[in-house]
There are 6 protein chains.
Amino acid sequence: MIYVSRQEHFNAAHKLYNPHWTKEKNTEVFGPCANENWHGHNYNLIVTVKGSPDPDTGFVIDLKKLSMLIRTEVTDKVDHKNLNMDVDFLRGQFASTENLAMGIWKILEPKISAITKFGRLYSIKLYETPRNFVEYLGE
Amino acid sequence: MIYVSRQEHFNAAHKLYNPHWTKEKNTEVFGPCANENWHGHNYNLIVTVKGSPDPDTGFVIDLKKLSMLIRTEVTDKVDHKNLNMDVDFLRGQFASTENLAMGIWKILEPKISAITKFGRLYSIKLYETPRNFVEYLGE
Amino acid sequence: MIYVSRQEHFNAAHKLYNPHWTKEKNTEVFGPCANENWHGHNYNLIVTVKGSPDPDTGFVIDLKKLSMLIRTEVTDKVDHKNLNMDVDFLRGQFASTENLAMGIWKILEPKISAITKFGRLYSIKLYETPRNFVEYLGE
Amino acid sequence: MIYVSRQEHFNAAHKLYNPHWTKEKNTEVFGPCANENWHGHNYNLIVTVKGSPDPDTGFVIDLKKLSMLIRTEVTDKVDHKNLNMDVDFLRGQFASTENLAMGIWKILEPKISAITKFGRLYSIKLYETPRNFVEYLGE
Amino acid sequence: MIYVSRQEHFNAAHKLYNPHWTKEKNTEVFGPCANENWHGHNYNLIVTVKGSPDPDTGFVIDLKKLSMLIRTEVTDKVDHKNLNMDVDFLRGQFASTENLAMGIWKILEPKISAITKFGRLYSIKLYETPRNFVEYLGE
Amino acid sequence: MIYVSRQEHFNAAHKLYNPHWTKEKNTEVFGPCANENWHGHNYNLIVTVKGSPDPDTGFVIDLKKLSMLIRTEVTDKVDHKNLNMDVDFLRGQFASTENLAMGIWKILEPKISAITKFGRLYSIKLYETPRNFVEYLGE
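These figures come from a predicted structure and were not determined experimentally.

> What is the right way to look at helix α1 (residues 23-30) of chain E in this model?
Three or four residues apart is the spacing at which side chains of an α-helix point the same way, because the helix has 3.6 residues per turn. All of the buried residues in α1 of chain E are N26, V29 and F30 of chain E. The arc that holds the buried residues of α1 of chain E, viewed along the axis, is 80 degrees, so those residues lie on one side. Of the exposed residues in α1 of chain E, the ones pointing more than 90 degrees away from its buried face are E24 and E28 of chain E. On its buried face, α1 of chain E is in contact with α2 (63-78) of chain F.

Quick look at the structure:
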């Protein structure tokens, strides 16, 4: 078993805001992240697949295909977008890094098998900034 | 003469949009950067002061004071903000990295002398992403 | 379950020195790290909390609160300090990266519950340099 | 138990090529990586040892000794080399990052015990580029 | 005047070898870089354009167009290539980072004017590794 | 003319302290940097040489030789050292990054000509942290 990873990136706007709370309560809890005019980030996304190498190629997964899958299924949907307004898979959820990582897992997990028989999704790691990041292992 | 630099960072939303153009023309020129719902970035800002060391301290400028000046005068005004809507010093301008760097120069240049007699502002370098950045030398 | 991380940093002096050994033996074992006049590092510290998101905020832990906790309880005690002389929680121990990481775990682990009901400390990762680093999972 | 890591690097040429396939099939599967005139990378290698600190030194492993071991046993054999032509431990295998990481594990795993009684090899992490990397845990 | 930069990257093989010298002399001068079986690098390329912002866009140069120009004219010709064998604009020259940077200048300088009226090429900065790099200003 | 750079690093302890001032005055001016028990940093040093390529090698300067020169003349004297106590070329000066960079220039400038006829020292850039750095051009 070996873990193979690909890093991609996207730039997006968001705010942290609970619509069931007053503006004051949102500012109290989320601080400047609740700015109603939005703020944004350069996100870095690392997708890790676990498996054993294909004897014909030496690959667990073709990283060009994985990169293309991430772009088509994830970064095309979030890059240069507003995470609260423009992203179907976050509809009705907080645009937190946690929820974004879990949403990306749900999209990619069933599609990895279409590009490799030798591995399955192991981890989604998402950097909101170089100092703030999350990792989701699917359970 | 020696060049002394301090790096700070901020996270902001913006869009690139010429109000004298149609939506179609904006999309044609600015591509996804024209998304009317905004996108955003983790900006890195490097401020460089040029001078000769103070014989009493060995410093051209006290970097703690420079950091505090940048925070008070610049990053407090742009961090977790919308560059098009929330930032006085960009009012009426494109929220491009070029204009942002030149605006930061105008703010900081006259204030450096308040914290050092041994140097003056030399450069504003601003990274919109690790791959896209500008530098302004004041002329 | 999701893993949420915050990176902080501090700058400190230390030396590696076993007081039960001669100076020669220390130099033989620790090499230049045993320099009795000290040397130092820019340490990077990554604190990871494991849990499930709070349904009211989308957060496992508020990273601003975690950052504040790390600063108050850890970096204020080690930043611009001598790890062998100035740091209570390392008293009587080697100022190795291993012991520093384990000491930071002991401080933070009981205090995480004061700032979140949704997670607990999972890992302390400590970079002495970009090339030398340790991780401690608490057992 | 604590995890202690050392990063080293090397620069090498390689190509991805299955000798049982036609040139066309290789190009179809491996794309530009199949260029028969080779291409290359700056590889970053992170070796992680798991153990408990030696009470005499505070170390799980002396990172200077680990660095020297990695250089002697691994990077001297692959640095400024052609991974397909010059490297004994890859003979008859694809020069994929997966196989390279597993080969490095096989070399280092039995030799770690020669430099520490307090730990054993835990992980080989190998970056082919900052965006493409693998990790092998030995099973 | 403002300086605007775009970073791109490519992976290539090369060797340093003077065909007028013996193999022994090449090894003496170039060391492991003269390995006749090649080695390689992940190159990072920073292209800087100097100018004043277009009043209609706030841009000195559209960085999407600059990125596309660099890819079409430079990285498509060197990425996953052998710098000594596959690259027309290095024919008959040493595949040193110096010559590569000067060759990239010669290609890009006349073509920048096709994508902006507001700036001209100022600098080519080329990293062979994070530790070894060159910059060329065109004269 | 082309600019060729080599990055090296070293780890050192220091404090900022004016011996003509009281302890209180030192703490007021230098803050935690005046801690009498020292603190320290991982310094990154970039040495840039300006010249034209040697027609026999394609090199302005052999970076292996430049690296060796920096190690012998600079980093061997400051690595794992106390900048205030152990470093001859800083004797009687503040151990500020500014003075350290200027001291390194004075050492290296006359020695570059011993390893190349095609270039001369252009710049010493010294990072005390990733956020605080200086550059000295020799005048």
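Next comes the rest of the description.
> I keep staring at the pattern of salt bridges and nothing clicks. Help me out?
For side chains of opposite charge, pairing can occur when their charged atoms come near one another. Under the defined criterion, the tally for this structure stands at 36 salt bridges over all chains. Of the charged contacts in the structure, one is a salt bridge between K77 of chain B and E73 of chain B, with a shortest N-O distance of 3.6 Å. Remark: E73 of chain B and K77 of chain B occur in helix α2 (residues 63-78); sequence separation between them is four residues, near one turn of the helix. Its salt-bridge partner being E8 of chain E, residue R71 of chain E comes within 3.4 Å of it at the nearest N-O pair.

> Before we go on, may I ask you to explain the environment of A101 of chain C in this structure?
Inspection of the secondary structure assignment puts A101 of chain C in helix α3 (residues 97-112). Look at A101 of chain C and you get buried, because its relative accessible area is 0%. A101 of chain C has contacts with I124, L126, V134 and Y136 of chain C together with I2 of chain D, leaving out every residue within four places of it along the chain.

> Is there a simple way to explain the arrangement of the chains in this structure?
The closest approach of any C-alpha atom in chain B to one in chain C is 14 Å; the two make no contact. The two partners chain A and chain F share no contact, and the minimum distance between any of their C-alpha atoms is 13 Å.

> How do you make sense of the environment of I124 of chain C when you look at a structure like this?
When you line up the elements, I124 of chain C lands in strand β4 (residues 119-127). Along the sequence, I124 of chain C and D54 of chain C sit 70 residues apart, while their C-alpha atoms lie 23 Å from each other.

> For this particular structure, what's the right way to read the interface of chain B and chain A?
Think of interface size as the accessible area that goes away when the parts come together; that is how it is often given. Opposite the 22 residues of chain B that make contact, chain A presents 22 residues. When the two sides are added together, the surface that chain B and chain A hide from each other amounts to roughly 1700 Å², 49% of it contributed by carbon and sulfur. On the chain B side of the contact with chain A, N37, N42 and H80 of chain B bury the most area, a combined 35% of that side's loss. Linking chain B with chain A are zero salt bridges. Seen at the junction of chain B and chain A, the total is 17 residue pairs in polar contact (both at pLDDT 80 or more). Mapped onto the side of chain B that touches chain A, the elements with two or more residues apiece are β1 (2-14), β2 (39-51) and β3 (81-82) of chain B. Considering only residue class, the side of chain B that touches chain A consists of seven nonpolar, 11 polar and four charged.

> For this particular structure, what's the right way to read the side chain of T129 of chain C?
Inspection of the secondary structure assignment puts T129 of chain C in the loop between β4 and β5 (132-136). Engagement of the side chain of T129 of chain C in a polar contact is seen with the backbone nitrogen of N132 of chain C, the distance being 3.0 Å. If we ignore the near neighbours within four places in the chain, the residues touching T129 of chain C are H41 of chain C together with N11 and N42 of chain F.

> Where do I start with the interface of chain C and chain D in this structure?
If you look at the interface, chain C gives 21 residues, while chain D gives 19 residues. In total, about 1600 Å² of surface goes out of reach between chain C and chain D, with carbon and sulfur atoms giving 58% of it. Counting the surface chain C buries against chain D, the share from its top three residues, E98, R131 and F133 of chain C, is 32%. Across the contact surface, chain C and chain D share eight residue pairs in polar contact (both at pLDDT 80 or more).

> What is the right way to read the relation of the copies chain B and chain A from this model?
Each of the two copies of the chain can be brought onto the other by a rotation about an axis and a shift along it. Least-squares fitting of chain B to chain A yields an RMSD of 0.0 Å, with the transformation described by 0.0 Å of translation along the axis and a rotation of 180 degrees. Such a combination of rotation and displacement between the chain copies is what one expects of a two-fold axis.

> Is there a simple way to think about helix α3 (residues 97-112) of chain D in this case?
Look at α3 of chain D: 22 Å from first C-alpha to last across 16 residues, which is about the 22 Å you get at 1.5 Å a residue. Summarising burial for α3 of chain D: 12 of the 16 residues are buried, a large majority. Within α3 of chain D, the full set of buried residues consists of T97, E98, N99, L100, A101, M102, G103, I104, W105, I107, L108 and I112 of chain D. Contacts from the buried residues of α3 of chain D go to β1 (2-14) of chain A together with β1 (2-14), β2 (39-51), α2 (63-78), β4 (119-127) and β5 (132-136) of chain D.

Calculation rules
- Every residue gets a number counted from 1 within its own chain, in the order that chain's sequence is written.
- The naming scheme follows written order: chains are lettered A onward, ligands numbered 1 onward.
- Note on the predicted model: pLDDT of at least 70 is required for a residue's local features to be given, and 80 or more for side-chain atom pairs to be given and counted; whole-chain, interface and lining totals, by contrast, use all residues.
- For the side-chain quantities, the full set of heavy atoms in the structure was used; hydrogens and water were omitted.
- Summary of the burial criterion: residues with accessible area below 20% of their type's maximum are buried, those above 50% are exposed, and those between are partly exposed, where the area comes from a 1.4 Å probe applied to protein chains only.
- Going along the chain from the N terminus, every DSSP run of H or I of four or more residues is numbered as a helix, and every run of E of two or more is numbered as a strand.
- For this quantity, the arc is that covered by the directions from the helix axis to the C-beta atoms.
- Between two residues, a contact is recorded if the distance between any of their heavy atoms is within 4.5 Å.
- We count a salt bridge whenever a side-chain nitrogen from Lys or Arg sits within 4 Å of a carboxyl oxygen from Asp or Glu.
- By buried area we mean the combined loss of accessible area, with a 1.4 Å probe, across both parts when two parts are placed together.
- Two N or O atoms form a polar contact when they lie within 3.5 Å of each other; inside protein one atom must be a possible hydrogen donor and the other a possible acceptor, and for residues adjacent in sequence the pair counts only when both atoms belong to side chains.
- Amino acids outside the nonpolar list (Ala, Val, Leu, Ile, Met, Phe, Trp, Tyr, Cys, Pro) and the charged list (Asp, Glu, Lys, Arg) are all regarded as polar, and Gly is one of them.
- The copies were overlaid by least squares, fitting only the C-alpha atoms of residues that reach a pLDDT of 70 or more in each copy.
- Expected span, for any helix, means 1.5 Å times one less than how many residues it has.

Function cannot be read off these values alone, since they describe shape.
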